[in-house]
Amino acid sequence: QYLPFSLRSSGINAEYGIYDEDFALNKHTEEHTWQQSPIPLVFTGDTGRVVVKFGEAGGVRPGYSVIAVNQQPVNGLAGPNDRTIMDIIADPEAYPLSLTFGRGKVGANEKLMLASTFHSLYAISAKISPIEESSGIRQLDTEEFSLHCFQTITGVKFFVIVDHKQMACEPLLHRIYELYTDYVLKNPFYLIDMPIRCELFDTNLKG
């Protein structure tokens, strides 16, 4: 089950997430070996890591990133032997080549982009909804995951991304909200709309 949790503000810094946590339990990886070039996948390095942009190979789909080259773990765009991963993939002399793929850890810039995108979609959905005074997106289902959102009366949005098998997310979101009010808002050192750095909040959230 994949359960990232995000908390974001609708105040001055509405485009920024102020807290996120990844509780992923299943770190699925896929390893494939190609005997010769070219690989039937198109890659991009725009996000600071090598990610599949187009194509599929077995269980590897767009969005998967390269996490190991020839069983050697890699970080970002750099590969083994002081070469970039993209250079190795493009070099016919590097084959046979084994690549391990995984979802990888979402970077800070990607989280900001996703939070901003969701905030915009939430606002648009509330305006175009045929229901008067619509509360916006509460649940969004895709082939890969479900997104559940809860917005407080002050405009703070809590949302979780879960596996389809995960049920009853509303009590979870309300529980997170209770922890937020108890350990964040009552913290005299916390400034509204700023990233949350609260040990008691982290401990109780993971408890």
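Keep in mind the model is a prediction, meaning the values are calculated, not measured.

Draft legend 1. Geometry of the overall build of the protein. On a plain count of helices and strands, the protein comes out with four helices and eleven strands. Within the protein, contacts between residues at least 6 apart in sequence are counted, and of these 52% link residues at least 24 apart. Taken as a whole, the protein presents about 12,800 Å² of accessible surface, with 55% of it coming from carbon and sulfur.

Draft legend 2. Region of the structure containing helix 3 (residues 169-183). Here helix 3 spans 21 Å end to end across 15 residues, near enough to the 21 Å set by a 1.5 Å rise per residue. All of the buried residues in helix 3 are Cys 169, Leu 173, Ile 176, Leu 179 and Tyr 180. Summarising the axial view, the buried residues of helix 3 lie within an arc of 115 degrees, below the 170-degree limit, and thus occupy one face.

Draft legend 3. Quick peek at the side chain of Thr 100. For Thr 100, the position within the fold is in strand 8 (residues 97-102). Among residues more than four places away in sequence, those in contact with Thr 100 are Thr 29, Glu 30, Glu 31, Ser 65, Val 66, Ile 67 and Ala 68.

Draft legend 4. The arrangement of the packing of aromatic side chains in detail. Using the criterion set out here, one finds eight aromatic pairs in the structure. Aromatic pair Phe 158 and Tyr 180: ring centres 5.5 Å apart, planes at 80 degrees, arrangement edge-to-face. A residue pair is termed long-range when its members are at least 10 positions apart, and Phe 158 in strand 11 (residues 157-162) and Tyr 180 in helix 3 qualify at 22 residues. Relative accessible area serves as the criterion here: at 5%, Tyr 180 is assigned to the buried category. Cluster of aromatic residues (ring-pair linked, three or more members): Phe 150, Phe 158, Tyr 177 and Tyr 180.

Draft legend 5. Seen up close, the environment of Asn 187. With respect to the helices, strands and loops of the structure, Asn 187 is situated in the loop between helix 3 and helix 4 (199-206). Linking Asn 187 and Leu 200, residues 13 residues apart in sequence, is a C-alpha distance of 9.9 Å. At 2.9 Å, the side chain of Asn 187 forms a polar contact with the backbone nitrogen of Phe 189.

Draft legend 6. Highlighting the pairing of strand 3 (residues 29-34). Going residue by residue along strand 3, you find Glu 30, His 32 and Trp 34 tucked away on one face and Thr 29, Glu 31 and Thr 33 left uncovered on the opposite face. By the bridge criterion, six bridges tie strand 3 to strand 8 in an arrangement that is antiparallel. Of the residues in strand 8, the one forming a bridge with Thr 29 is Gly 102.

Draft legend 7. Main features of unusual backbone geometry. A cis amide bond links Ser 37 with the next residue in sequence, Pro 38, at an omega value of 5 degrees. Residue position: Pro 38 is located in the loop between strand 3 and strand 4 (42-44). Across the junction of Tyr 95 and Pro 96, the peptide omega takes the value 0 degrees, indicating a cis bond. Its identity is not glycine, yet Asn 70 carries a phi of approximately 50 degrees, on the positive side. Turning to its location among the elements, Asn 70 is positioned in the loop between strand 6 (65-69) and strand 7 (72-73). The exposure class of Asn 70 is partly exposed, given its relative accessible area of 33%.

Draft legend 8. Layout of the packing of helix 3 against helix 4. With their axes 9 Å apart at the nearest point, helix 3 and helix 4 run at an angle of 155 degrees to one another. As far as their axial angle goes, helix 4 and helix 3 are roughly antiparallel. Where helix 3 crosses over helix 4, the handedness of that crossing is right-handed. In this structure, helix 3 contributes Ile 176, Leu 179, Tyr 180 and Tyr 183 to the contact, and helix 4 contributes Leu 200, Phe 201, Asn 204 and Leu 205.

Draft legend 9. Molecular detail of the pattern of salt bridges. Across all of its chains, the model carries four salt bridges by this definition. The salt bridge partner of Asp 91 is Arg 83, with a shortest N-O separation of 3.1 Å. Two residues, Lys 186 and Asp 182, come together in a salt bridge whose shortest N-O distance is 3.5 Å. For Lys 186, a relative accessible area of 62% translates into the label exposed.

Cut-offs and rules
Within any chain, residue numbers begin from 1 and follow the written order of that chain's sequence. In keeping with the model being predicted, local features are shown solely for residues with a pLDDT of at least 70 and side-chain atom pairs are shown and tallied solely at 80 or more, while totals for entire chains, interfaces and linings include all residues. Excluded from the side-chain calculations are hydrogens and water; all other atoms, namely the structure's heavy atoms, are used. Only DSSP runs of H or I with at least four residues qualify as helices, and only runs of E with at least two residues qualify as strands; both kinds are numbered from the N terminus onward. By definition, residues are in contact when any of their heavy atoms lie within 4.5 Å. All accessibility values rest on the Shrake-Rupley procedure with a 1.4 Å probe; residue burial counts only the protein chains present in the view. A helix is expected to span 1.5 Å multiplied by its residue count minus one. Partly exposed residues are those whose accessible area sits between 20% and 50% of the maximum for their type, while under 20% is buried and over 50% is exposed, using a 1.4 Å probe and protein chains only. Each C-beta atom gives one direction from the helix axis, and the arc is the one those directions make. Any two of the Phe, Tyr and Trp rings considered here, Trp counted by its six-membered ring, make a pair once their centres fall within 6.5 Å; the pair's planes then place it as stacked at under 30 degrees, edge-to-face at over 60, or tilted in between. In protein, a polar contact means a hydrogen-donor-capable atom and an acceptor-capable atom, both N or O and within 3.5 Å, with residues adjacent in sequence counting only if both atoms are side-chain atoms; elsewhere, any N or O pair within 3.5 Å suffices. Note on pairing: DSSP must find at least two bridges between two strands before they are called paired. Lines fitted to the C-alpha atoms define the axes, with helices restricted to the stretch that makes contact. Angles between their N-to-C directions range from 0 to 180 degrees. For this classification, under 35 degrees means roughly parallel, over 145 means roughly antiparallel, 65 to 115 means roughly perpendicular, and everything else is oblique. For any pair of crossing helices, the crossing counts as left-handed if the nearer helix is rotated counterclockwise from the farther one by less than a right angle, and right-handed if it is rotated clockwise. By convention in these notes, a salt bridge is any Lys or Arg side-chain nitrogen within 4 Å of a carboxyl oxygen on Asp or Glu.

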